[in-house]
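# Remarks on the overall topology
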Number of protein chains: 2
Amino acid sequence: MTKEAIDRLVSHNIRPSAQRISIMEYLLTHRTHPTVDTIYNDLVCKMPTLSKTTIYNTLKLLEEHDAIIELTIDKKTAHYDGMTAPHSHFMCKSCGKIIDMPLQKVDQNQTSHDFTIDEAEVYYKGYCCDCMAKRC
Amino acid sequence: MTKEAIDRLVSHNIRPSAQRISIMEYLLTHRTHPTVDTIYNDLVCKMPTLSKTTIYNTLKLLEEHDAIIELTIDKKTAHYDGMTAPHSHFMCKSCGKIIDMPLQKVDQNQTSHDFTIDEAEVYYKGYCCDCMAKRC
DNA sequence: ATACGTTTTTGAAATCGTTACAAAATTAAT
DNA sequence: ATTAATTTTGTAACGATTTCAAAAACGTAT
């Protein structure tokens, strides 16, 4: 999986440092849409000198190079997704869990004199089955 | 327009205090998707004792009672919309301006064992004509 | 290999939107 | 008019993110 991480970095013109590989690999193997804190807490054991600033820097770099996606579905904290193929997301309003959804087709080619669209995101919110079972 | 503001409050079971009426009226007459700061700066002239905390409290209250909509299209700051009829939004990545869009139909009745959807939002991003003219 | 310049990482401090809290002011009820 | 409940206010706290400059790691040319 390390190879895939390096490939993803290199193919997006990002130099593969040890920290960048770790973070990229983390996102490729964890499909949980983690936050900066989650990534930091999970990686710092194996990489004791890791800094949270490096996580911020790296995620921003990866996102700017379209190697990952930044999700803004959660008002409080950014979440990150290593799966860049188009898809949508659902967030549970009770527990905060984010679940992948099949792509809802969105017409991005709307013509207008007022603007040009180059991104469209669909965010769903509701309650996941676990939270519903607990009647939250 | 003050009457419309009071009506909107009362019909959503919110007591119409002077501050709440002002804020509600502001959102009904300004279709600019303002932030807390914008609302505060525009209203404090007429209401010198107004507190920014009151704006925060009131907007949260209005949103919880579905009298207004909170937009999370802007990662940095919440924007608010007094138009509650279903529609989508476009944000210019250069100047931050938010523009109303016709509703893109989104299927909220997707059946799943994993969750129940009760909200869906579509956010578009790109560049507005003004910023494109300035080749930003 | 070594020295030099560039890139990357790091940790501390600053920033900024938002929330918590408790006191003051206003409004409603008896 | 008193008392209780609600609303507003200002200050302080909070937490995610950014800034910044120094330290470390890396790449390259000699």
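The notes below deal with the structure included here. (Residues numbered from 1 in each chain as written. Chains lettered and ligands numbered in written order. Predicted model: local features only at pLDDT ≥ 70, side-chain atom pairs only at ≥ 80, totals over all residues. Heavy atoms only, no water.)

## Examining the overall build of chain A
Along its length, chain A carries five helices and five strands. When its C-alpha atoms are laid out on the principal axes, chain A stretches across 45 × 45 × 25 Å. Sorting the 136 residues of chain A into buried and exposed places 40% on the buried side. Long-range pairs, those at least 24 residues apart, make up 48% of the contacts in chain A with a sequence separation of at least 6. Accessible area for chain A stands at about 7600 Å²; split by element, carbon and sulfur atoms hold 50% of it. With 16 positive and 18 negative side-chain charges, chain A shows a spacing of 8 Å between the two charge centroids. (Helix = DSSP H or I, 4+ residues; strand = E, 2+ residues; numbered from the N terminus. Buried < 20%, exposed > 50% of the residue type's maximum accessible area, 1.4 Å probe, protein only. Contact = heavy atoms within 4.5 Å. Areas by Shrake-Rupley, 256 points an atom, 1.4 Å probe, with all protein chains shown as cover. Lys, Arg positive; Asp, Glu negative; His and termini not counted. Charge placed at Lys NZ, Arg CZ, Asp CG, Glu CD.)

## What to know about the interface of chain A and chain B
The partner chain B presents 31 residues to the 31 residues of chain A that form the contact. Carbon and sulfur atoms make up 52% of the area that chain A and chain B hide from each other, which totals about 2700 Å². In this assembly, chain A and chain B are joined by six salt bridges. The partner of B:Glu70 in a salt bridge is A:Lys75, and the shortest N-O contact between them spans 3.2 Å. (Buried area = accessible area lost by both parts, 1.4 Å probe. Salt bridge = Lys/Arg side-chain N within 4 Å of Asp/Glu carboxyl O.)

## A look at the sheet that holds strand 5 (residues 115-128) of chain B
Read across the open sheet, the six strands follow the order 4(A)-3(A)-5(A)-5(B)-3(B)-4(B); overall the sheet is mixed. A single partner strand is all that each edge strand has here, and the edge strands are strand 4 (98-101) of chain A together with strand 4 (98-101) of chain B. Pairs of neighbouring strands in the sheet enclose a mean axial angle of 30 degrees, with direction left out of account. Note: strand 3 (residues 88-92) of chain A against strand 4 of chain A, four bridges, orientation antiparallel. Residue pairing in the sheet places A:Ser88 in a bridge with A:Met101 of strand 4 of chain A. (Pairing = 2+ DSSP bridges. Axes fitted to C-alpha atoms, helices over the stretch in contact; angles between N-to-C directions.)

## Re the protein's contact with DNA strand C
In the vicinity of DNA strand C there are 15 residues, among which A:Ser17, A:Gln19, A:Arg20, A:Thr49 and A:Thr54 approach most closely. Per the 4 Å cut-off to the protein, sugar and phosphate atoms form 77% of the nearby atoms of DNA strand C. A distance of 2.4 Å separates a phosphate oxygen of DNA strand C from a polar atom in the side chain of A:Ser17. Elements with a contribution of two residues or more to the surface near DNA strand C: helix 2 (18-29) and helix 4 (52-64) of chain A together with helix 4 (52-64) of chain B. Its residues placed into classes, the surface near DNA strand C shows three nonpolar, nine polar and three charged. (Near = heavy atom within 4 Å. Polar contact = N/O pair within 3.5 Å; in protein donor to acceptor, adjacent residues only side chain to side chain. Nonpolar A, V, L, I, M, F, W, Y, C, P; charged D, E, K, R; others polar.)

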